[in-house]
Amino acid sequence: MAHRDPTGIIAPHIPADAYRRAEATGQPVVIVVHTDHDGRPLRHYLFPIVIAGAGVVGVFGLVAAFVALLDFAVHTAIAIGSVAGPVSVGGITLKLARPKD
């Protein structure tokens, strides 16, 4: 976890021995604070990637369910067609399955 200083503190903590040495010798104390952050952290990209992944998995499941439903419908139509023989509707006769010769 990143270290956060409370509000109002301008510089990070200076160790006591460095402060006393600087005070005794008159040397200046140089504090370097990095303020430029390059880009966004990776955790900002995690949420959209998770949402897109969930969408892809959902669409894949929907397509798989649709294909399974079509497979079931085709097998049902084949079973009915093989048992029923010719079917006529309004004077048009359809032969659903060929007899096995």
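One can find the structure itself at the top, above this paragraph.
Residues numbered from 1 in each chain as written. Predicted model: local features only at pLDDT ≥ 70, side-chain atom pairs only at ≥ 80, totals over all residues. Heavy atoms only, no water.

Caption draft 1: Up close: the overall build of the chain. Along the chain, the regular secondary structure elements total two helices and two strands. Ordering the α and β elements of the chain from the N terminus gives α-α-β-β. When each of the 101 residues of the chain is scored for burial, the buried share is 3%. When the accessible surface of the chain is split by element, carbon and sulfur atoms take 68% of a total near 9,700 Å². (Helix = DSSP H or I, 4+ residues; strand = E, 2+ residues; numbered from the N terminus. Buried < 20%, exposed > 50% of the residue type's maximum accessible area, 1.4 Å probe, protein only. Areas by Shrake-Rupley, 256 points an atom, 1.4 Å probe, with all protein chains shown as cover.)

Caption draft 2: Representation of the environment of Tyr 19 in the model. Within the secondary structure, Tyr 19 sits in helix H1 (residues 16-25). By relative accessible area, Tyr 19 is classed as partly exposed at 45%. Residues Tyr 19 and Val 29 lie 10 residues apart in sequence; the distance between their C-alpha atoms is 7.5 Å.

Caption draft 3: Spotlight on H1. Burial analysis of H1 places just one of its 10 residues in the buried class, a small minority of the element. Looking one or two places after H1, you find Gly 26, whose phi comes out positive at around 85°.

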